[in-house]
Amino acid sequence: MILSLTVAVLVAGGVYLLLQRSMVRAVFGMTLLSHAANFVLLATGVPGWRAEPLTDLSARAEMADPLPQAFVLTAIVITMAVTIFMLTLAVIGRDDDMSRHPATGESHDS
């Protein structure tokens, strides 16, 4: 129950941040959605009652599946790279609010 509530809060926060106008908030929203997806992947393969996969203390049927753990580890690395790339674009990009119309070049201030 706690894990499903955590996923719901992360998804709600991620969607809220994605709907904001700022590029940095959108990046943080994507990061929250990625963390929620990682929790879902981890919950599918590693229930709390399963044993560790590399020890000889339990039978093979009781061991946790290591494949979702590998997926989550790969997703964390990819998310870090995409987050850094998107934050770099946010820093070197222009501001979200345009001071001039792109087609006419006229200022909105007048």
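Residues numbered from 1 in each chain as written. Predicted model: local features only at pLDDT ≥ 70, side-chain atom pairs only at ≥ 80, totals over all residues. Heavy atoms only, no water.

What to know about the overall build of the protein chain
Helices and strands together make up the secondary structure of the protein chain, namely three helices and zero strands. Of the regular secondary structure in the protein chain, the N- to C-terminal order runs α-α-α. Taken over 110 residues, the protein chain has a buried fraction of 19%. Counted over contacts in the protein chain with a minimum sequence separation of 6, partners at least 24 positions apart contribute 45%. Accessible surface for the protein chain amounts to roughly 8300 Å². Of this, 68% is attributable to carbon and sulfur atoms. (Helix = DSSP H or I, 4+ residues; strand = E, 2+ residues; numbered from the N terminus. Buried < 20%, exposed > 50% of the residue type's maximum accessible area, 1.4 Å probe, protein only. Contact = heavy atoms within 4.5 Å. Areas by Shrake-Rupley, 256 points an atom, 1.4 Å probe, with all protein chains shown as cover.)

Overview of a nonpolar patch on the surface
Judged by side-chain polarity, Met23, Phe85, Leu89, Val91 and Ile92 come together as a nonpolar surface patch covering roughly 510 Å² of accessible area. Considering every element that reaches the nonpolar patch, the biggest residue donor is helix 3 (residues 66–92), with four residues. Looking at the secondary structure, you find Val91 in helix 3. (Patch = residues over 30% accessible without salt bridge, like charges linked within 9 Å, V, L, I, M, F, W, Y side chains within 5 Å. Salt bridge = Lys/Arg side-chain N within 4 Å of Asp/Glu carboxyl O.)

Considerations on the UniProt feature "transmembrane region" (unreviewed entry) in the protein chain
Those places that UniProt annotates as "transmembrane region" (unreviewed entry) correspond, in this numbering, to residues 70–92. Regarding residues 70–92, the helix share stands at 100% and the strand share at 0%, and the terminal C-alpha atoms are separated by 34 Å. (UniProt positions renumbered as here; feature names shortened; annotations may be inferred.)

Re helix 3
Compared with the 39 Å implied by 1.5 Å per residue over 27 residues, the 40 Å span of helix 3 between its first and last C-alpha is a close match. Looking at the buried side of helix 3, the elements it contacts are helix 2 (23–45). (Expected span 1.5 Å × (residues − 1).)

Describing the confidence of the model for the protein chain
Interpretation of the predicted coordinates at a detailed level should be avoided for regions scoring low in pLDDT. Looking at the protein chain, the pLDDT average stands at 80 and 70% of residues meet or exceed 70. When mean pLDDT is compared element by element in the protein chain, helix 1 (residues 2–18) scores highest at 93, while helix 3 scores lowest at 88. (pLDDT = per-residue confidence, 0-100.)

Comments concerning the side chain of Thr83
Mapped onto the fold, Thr83 is located in helix 3. A polar atom in the side chain of Thr83 sits 3.4 Å from the side chain of Thr31. Not counting residues within four places of it along the chain, the set of residues in contact with Thr83 comprises Val27 and Thr31. (Polar contact = N/O pair within 3.5 Å; in protein donor to acceptor, adjacent residues only side chain to side chain.)

Quick word on the packing of helix 2 against helix 3
If you want to describe how two helices pack, look at the angle between their axes and the distance between the axes. Interaxial distance between helix 2 and helix 3 falls to 10 Å at its minimum, and their mutual angle equals 180°. On the basis of the axis angle, helix 2 is roughly antiparallel to helix 3. Across the interface between the two elements, Met23, Val24, Val27, Met30, Thr31, Ser34, Asn38, Leu41, Leu42, Thr44 and Gly45 of helix 2 pack against Pro68, Gln69, Phe71, Val72, Ala75, Ile76, Thr79, Thr83, Met86, Leu87, Leu89 and Ala90 of helix 3. When the residues that make up the contact of helix 2 with helix 3 are grouped by side-chain class, the tally is 15 nonpolar, eight polar and no charged. (Axes fitted to C-alpha atoms, helices over the stretch in contact; angles between N-to-C directions. Parallel < 35°, antiparallel > 145°, perpendicular 65-115°, else oblique. Nonpolar A, V, L, I, M, F, W, Y, C, P; charged D, E, K, R; others polar.)

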